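Notes for the structure review
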Amino acid sequence: MIGGCVPWPLPRSDWLRHLSISGCVRLCFHILLIYTSRLEHQNKALGHQTRTMRGASRSKNPQDLDKRVCMTNCPTLIVTVGLPARGKTYISKKLTRYLNWIDVPTKEFNVGQYRRECVKIYKSFEFFRPDNEEGLKIRKQCALAALNDVRQFLTDEGGQVAVFDATNTTRERRETILRFAEQNGFKVFFVESVCEDPDVIAENIVQVKLGCPDYTHCNTEDAVADFMKRIKCYENSYQPLDEELDRDLSFIKIIDVGRRYLVNRVQDHIQSRIVYYLMNIHITPRSIYLCRHGESDLNIKGRIGGDSGLSARGKEFAKALGQFIQSQNIRDLKVWTSQMKRTIQTAEALGVPYEQWKALNEIDAGVCEELMYEEIQQKYPLEFALRDQDKYRYRYPKGESYEDLVQRLEPVIMELERQENVLVICHQAVMRCLLAYFLDKTAEELPYLKCALHTVLKLTPMAYGCKVESVCLNVDAVNTHRDRPSVRFTNTHPLSMSVSLVLVKQASPPVIA
Amino acid sequence: DTPTSGLAVSTNELMSWIRSSRPQFTNCPTMIVMVGLPARGKTYISKKLTRYLNWIGVPTQGEAYASNALKDIASYFTKEQGQVAVLDATNTTRERRGVIINFAKEKGYKVFFIESVCDDPEIIEANTMQVKLSSPDYENYDKEEALVDFLKRIDCYKMSYVPLDEEKDRHLSFIKIFNVGSRYLVNRVQDHIQSRIVYYLMNIHVTPRSIYLSRHGESELNLLGRIGGDTGLSSQGQKYAKALAEFIRGQSIKDLKVWTSHMKRTIQTAEALGVPYEQWKALNEIDAGVCEEMTYEEIQATHPEEFALRDQDKYRYRYPKGESYEDLVHRLEPVIMELERQENVLVICHQAVMRCLLAYFLDKSEDDLPYLKCPLHTVLKLTPLAYGCKVESFYLNIQAVNTHRDRPTNVNVARKPEEALQTVPEHL
């Protein structure tokens, strides 16, 4: 047994005192050995990626790459095309957020940002005039600087997809980019947004242009006038992607905010997923409401997982939720739950039709199902420690990881994108994953997002992000949030002996017996 | 030890309740209308799409209809609870399409057009050779004459062919497929099912290739007659892995991709091949929940009612804290989508998983699916051909236990243990 001659378990206060030095050393060593072999096994199991789009190995030397290797494993450069105020940056940011959430390392490179860094103060649309030699020179430099950073991200920093966000309205500019990509062994996929609806364009300008650094010192009317002139500068030289002339390129043309799409030569899995995603998003104003089921009987006992019903307070919450939803006067609200009793019972109290998704079920804690954290610490101390090491990727034995959860929630996210007003009644880990998608949280942050019981989060897409309103429905509940413990392995090298013992109980939430 | 999840309703009631509150792909019936000249792949697409939709649980009918087609469709939707009907015909004139649109509007059905446009003479000739010349129309022709005649037939349609137009038809929902998928024009996708259909159509291809399906080698739990678990290969299983490697080498397959699940037994099988392979959690065996690692005898002893319920509806039955075949199909959908995108692939998986994949390729119903025979140590080679799939079965001559349990005669909850265990295969 771990710890040598020390009986296990002990009351917390006695634990350290009874551990001798040699027992301590043995314990550390034992932990490390098991940790290393567990990690190896997990790595082997997860080593080959579960999705074909992730490149396994790429030649670091760009000159070595030939077209055949490129076809299977190489990074992708997404290039936006379109006049100003056509939603290119909106699409870039959203797509980047989605790809990162499904674990494809993606970064966007906005050439406008580079230009703002170069030309500290924006004077007027004159900078963008096609006959402004100085302006043209600077803009080209900025584009090249951005491409350089793209190369660094994709070649040296393990990036898989880079989104090059600029107007790229001339065939000449696009040729430059294609040459750059070919030299570096990147695949290119163009995303063009074409829109002539003056209302959409005006709305775009109001939402995102007026608040941008270029126009901080302008009044609204002047800003709009200047921006419209800016658009005019591009219009004369705009060469849209053409079905015939560009038939060998891979691209999607989005027409009138998604009314129509032209898709040409999708090369691989990631491009296919990108096209599917772009064809499902919309900009119709709407809100997404996320909440957990009401407090459950197992919640009160401090036990994780399981499939119990609502406690008395949980039922109160369900009623309060019903009232809250009614007061919000939401048009055509869809209600989704998981297939577990506690979310279904919560939805039942709303008195409206609801849909059940198995994909919204809580994370499967495998052998730890229905245990309290104290019991997990007693029965599976190593597992408990490993989980705190990497809560996102750690998979409960015979259970799931947050990473698995994200994969099974992907169709839910896709359908959420298609829908308008939706209330999702789900679970703690599930809600964390969904929230991380909407608020662009990293894999490190995701498992520690605060999703308290009896609180509704209202997410409203706004400009380039999401407005979050948190509404606590004033019905008491236990706290089920467990922070990352502060004391962990100080050095993750498998052979390191400088391990501090993990006091994992410290961060667990209080339990009502 | 009560096996059910505690709700006091009969399983059938529960099942239909769950089914009715499942996410709806569409809220009203949809007519898919094919458009295009002859030999453009309309029937190929119709049949494939019908097969896919039925597999993912959307009741779809794709018969090639006659002149009272519309009446048949209305009857399918109202009397048979169908959700999607595919109207596979040329529908090349605006007038004809107008009739269909008016009919749908009257009845409250949605319409989605799929047009296949192709001007590549090689593709048209290949299509014609593959599927037209064997039709009864050309029984007494020789190949050359038949081809010439058929091309002239196409010309007759060309005169009156009015393709879907970006401008004039901008209020319709449609996808235009150019030259077998090098380009697509998609207009006004209305709902989830249309979005899924578009995604599917954009992922399928006609490049010749083969898909190899096999289970892992015999595992240690297999020998003991136990289900599920995550054990390694038995010695026979290891022999199979080597034999599989030899077989694969013998097939001389171009650019073969190898996929396994995350479970030891498939991984160990792939390891013996000595080539790179990819692991999919989605390919893991069906989760038997509380019955994991039990023998059928133990399940009968500890959960006799569950055992009987499973025999009553093996497709929809979900093990307590586990999965159903229906759940399995749902989690395998991305695997199928990726299989469609790929070319030559070897999938090393598990019994229930292989049944689901096989049912997709061979268009098997929900009733047949859980009883498809997928024995150990046998490779199935599937090659798409004309409108279906050619299947070749290769038994690699390495002995293994039989893990197939047929449906027993008595599935009543009150049956005797011997009746329940009537069809259990032998084990240690």
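Note that the structure is predicted; figures quoted are calculated from it, not measured. (Residues numbered from 1 in each chain as written. Chains lettered and ligands numbered in written order. Predicted model: local features only at pLDDT ≥ 70, side-chain atom pairs only at ≥ 80, totals over all residues. Heavy atoms only, no water.)

Some details on the overall build of chain A
Secondary structure assignment for chain A yields 17 helices and 12 strands. Counting the 513 residues in chain A, one finds 55% classified as buried. Intrachain contacts of chain A at a sequence separation of at least 6 include 71% that bridge at least 24 residues. Of the roughly 23,500 Å² of accessible surface on chain A, a fraction of 52% belongs to carbon and sulfur atoms. (Helix = DSSP H or I, 4+ residues; strand = E, 2+ residues; numbered from the N terminus. Buried < 20%, exposed > 50% of the residue type's maximum accessible area, 1.4 Å probe, protein only. Contact = heavy atoms within 4.5 Å. Areas by Shrake-Rupley, 256 points an atom, 1.4 Å probe, with all protein chains shown as cover.)

With respect to the sheet that holds strand 7 (residues 211-215) of chain B
Residues and elements named next belong to chain B. If you walk across this open sheet you meet the 6 strands as 9-8-10-7-11-12, and the pairing is mixed. Lying at the two open borders of the sheet, with one neighbouring strand each, are strand 9 (278-279) and strand 12 (388-395). In this structure, strand 8 (residues 257-260) lies alongside strand 10 (residues 345-349), joined through 3 bridges in parallel fashion. By the bridge assignment for strand 10, valine 258 is matched with leucine 346. (Pairing = 2+ DSSP bridges.)

Some thoughts on the interface of chain A and chain B
Listed by partner, the interface residues are 41 residues for chain A and 43 residues for chain B. Interface area for chain A against chain B, summed over the two sides, is near 3,900 Å², with a carbon-plus-sulfur share of 48%. In this structure, the connection of chain A to chain B is made through 6 salt bridges. B:Lys321 is the partner of A:Glu370 in a salt bridge, and the nearest nitrogen-oxygen pair spans 3.4 Å. At the boundary of chain A with chain B, the tally comes to 16 residue pairs in polar contact (both at pLDDT 80 or more). Residue assignment for the side of chain A that touches chain B shows that the elements contributing at least two residues are helix 2 (21-47), strand 6 (260-264), helix 10 (269-278), helix 13 (341-348), strand 9 (355-356) and helix 16 (402-418) of chain A. The pairing of strand 6 of chain A with strand 6 (residues 183-187) of chain B spans 5 bridges and is antiparallel. Paired with A:Leu262 across the two strands is B:Leu185, which belongs to strand 6 of chain B. (Buried area = accessible area lost by both parts, 1.4 Å probe. Salt bridge = Lys/Arg side-chain N within 4 Å of Asp/Glu carboxyl O. Polar contact = N/O pair within 3.5 Å; in protein donor to acceptor, adjacent residues only side chain to side chain.)

A few points about unusual backbone geometry
Phi angles above zero are rare outside glycine, and A:Asn168 is one such case at about 45°. You can see A:Asn168 is positioned in the loop between strand 3 (161-165) and helix 7 (171-184). With a relative accessible area of 2%, A:Asn168 lands in the buried category. Phi is positive for B:His377, which is not a glycine, with a value near 60°. Along the chain, B:His377 falls in the loop between helix 14 (351-362) and strand 11 (378-385).

Thoughts on the sheet that holds strand 8 (residues 334-337) of chain A
Residue and element names in this part refer to chain A. Spatially, 6 strands are ordered 9-8-10-7-11-12 in an open sheet, and the strand pairing comes out mixed. Where the open sheet ends on each side, the last strands, each with one partner, are strand 9 and strand 12 (465-472). Across the sheet, helix 12 (residues 312-328) is in contact with strand 7 (288-292), strand 10 (422-426), strand 11 (455-462) and strand 12; its angle to strand 7 comes to roughly 170°. (Axes fitted to C-alpha atoms, helices over the stretch in contact; angles between N-to-C directions.)

Overview of the pairing of strand 8 of chain B
In summary, the side chains of a regular strand alternate between the two faces of the sheet. Pairing of strand 8 of chain B with strand 9 of chain B involves 2 bridges; the strand directions are parallel. Among the inter-strand pairings, B:Trp259 is bridged to a residue of strand 9 of chain B, identified as B:Glu278.

Description of the packing of helix 2 (residues 42-55) of chain B against helix 14 of chain B
All names here are of chain B. For the pair helix 2 and helix 14, the least separation of the axes is 8 Å and the interaxial angle reads 150°. For the element pair helix 2 / helix 14, the angle class is roughly antiparallel. Along its contact with helix 2, which presents Lys48, Arg51, Tyr52 and Trp55, the element helix 14 presents Cys356, Ala359, Tyr360 and Phe361. (Parallel < 35°, antiparallel > 145°, perpendicular 65-115°, else oblique.)

Structural notes on the UniProt feature "binding site: substrate" (unreviewed entry) in chain B
Residue and element names in this part refer to chain B. Per the UniProt record, the feature "binding site: substrate" (unreviewed entry) sits at Arg215, His216, Gly217, Glu218, Ser219, Glu220, Leu221, Asn222 and Arg265. Across 51 residues in sequence, these annotated residues keep their C-alpha atoms within 14.1 Å of one another, forming a single compact spot. Take glycine 217: it is sitting in the loop between strand 7 and helix 8 (220-223). In this structure glycine 217 comes out as buried when scored by relative accessible area, which is 0%. Excluding residues that lie within four positions of it along the chain, glycine 217 makes contacts with Asn222, Leu233, Gly237, Tyr240, Arg265, Thr269, Leu376 and His377. (UniProt positions renumbered as here; feature names shortened; annotations may be inferred.)

Remarks on the UniProt feature "binding site: substrate" (unreviewed entry) in chain A
Residues and elements named next belong to chain A. Look at the UniProt record and you will see "binding site: substrate" (unreviewed entry) annotated at Arg292, His293, Gly294, Glu295, Ser296, Asp297, Leu298, Asn299 and Arg342. Checked against the element boundaries, glycine 294 lands in the loop between strand 7 and helix 11 (297-300). When residues no more than four places from it in sequence are discounted, the contact partners of glycine 294 are Asn299, Leu310, Gly314, Phe317, Arg342, Thr346, Leu453 and His454. Summarising the element assignment, glutamate 295 is placed in the loop between strand 7 and helix 11. If near-sequence neighbours (up to four positions away) are discounted, glutamate 295 is found in contact with Ile300, Leu310, Ser311, Arg313, Gly314, Leu453, His454, Ala477 and Val478.

Some points on the nonpolar core
The nonpolar side chains of soluble globular proteins are, as a tendency, buried together. Counting 117 residues, the largest nonpolar core has A:Ile252, A:Leu360, B:Leu53, B:Ile114, B:Ile175, B:Leu283 and B:Leu357 as its most contacted members. Sequence-distant contacts of B:Leu53, defined by excluding residues within four places in its chain, comprise B:Ile32, B:Val58, B:Thr60, B:Val84, B:Ile193 and B:Ile197. Membership of the second largest hydrophobic core comes to 78 residues, among which are A:Ile231, A:Cys233, A:Leu262 and B:Leu70. (Core = buried A, V, L, I, M, F, W, Y, C linked by side-chain atoms within 4.5 Å.)

With respect to the packing of helix 4 (residues 88-101) of chain A against helix 16 of chain A
For any two helices packed against each other, one specifies the inter-axial angle together with the distance between the axes. All names here are of chain A. One way to put it is that helix 4 packs onto helix 16 with a least axis distance of 11 Å and a crossing angle of 155°. With respect to helix 16, the element helix 4 is oriented roughly antiparallel. Counting all contacts with helix 4, which are made through Lys94, Tyr98 and Trp101, the residues of helix 16 involved are Val406, Leu409, Glu410, Ile413, Met414 and Glu417. Counted by class, the contact of helix 4 with helix 16 contains 6 nonpolar, no polar and 3 charged residues. (Nonpolar A, V, L, I, M, F, W, Y, C, P; charged D, E, K, R; others polar.)

As for helix 2 of chain B
Residue and element names in this part refer to chain B. The first and last C-alpha atoms of helix 2 sit 20 Å apart over 14 residues, in line with the 20 Å expected at 1.5 Å per residue. Counting buried positions along helix 2 gives 11 out of 14 residues, so the element sits mostly inside the fold. Every buried residue of helix 2 is listed here: Lys42, Thr43, Ile45, Ser46, Lys48, Leu49, Thr50, Arg51, Tyr52, Leu53 and Trp55. Glycine 57 sits one or two positions beyond helix 2 and adopts a positive phi of about 95°. (Expected span 1.5 Å × (residues − 1).)

Here's the deal with the environment of B:Gln342
All names here are of chain B. Tracing the chain through its elements places glutamine 342 in the loop between helix 13 (325-341) and strand 10. Using a relative accessible area of 11% as the deciding quantity, one classes glutamine 342 as buried. Sequence separation between glutamine 342 and lysine 257 is 85 residues, and the spatial gap between their C-alpha atoms is 8.4 Å. A polar contact of 3.1 Å, which involves the side chain of glutamine 342, links it to the side chain of lysine 257.

Re the side chain of A:Arg482
Residue and element names in this part refer to chain A. Here arginine 482 shows up in the segment after strand 12. On the accessibility criterion, arginine 482 (3% relative accessible area) is buried. Side chain to side chain, arginine 482 and aspartate 388 meet in a polar contact 2.8 Å long.

Quick word on the pattern of salt bridges
Summed over the entire model, instances satisfying the criterion amount to 52 salt bridges over all chains. As a salt-bridge pair, B:Glu166 and A:Arg260 come within 2.9 Å of each other at their nearest N and O atoms. Pair noted here: B:Glu166 is in the loop between helix 6 (143-160) and strand 5 (174-178) and A:Arg260 is in strand 6, and the two residues belong to different chains. Owing to a relative accessible area of 29%, B:Glu166 belongs among the partly exposed residues under this scheme. When the shortest N-O distance is used, the salt bridge between A:Glu295 and A:Arg313 registers 2.8 Å.

Some points on the pairing of strand 6 of chain B
Residues and elements named next belong to chain B. The element strand 6 is extensively covered by neighbouring structure, given that 5 of its 5 residues are classed as buried. Of the two faces of strand 6, the one carrying Arg183, Leu185 and Asn187 and the one carrying Tyr184 and Val186 are both buried. Where strand 5 lies against strand 6, 5 bridges are found, and the strand directions are antiparallel. Within the sheet, the bridge partner assigned to isoleucine 175 lies in strand 6 and is valine 186. Hairpin connection between strand 5 and strand 6: a loop of 4 residues separates the two successive antiparallel strands, and asparagine 179 in this loop has a positive phi of roughly 45°.

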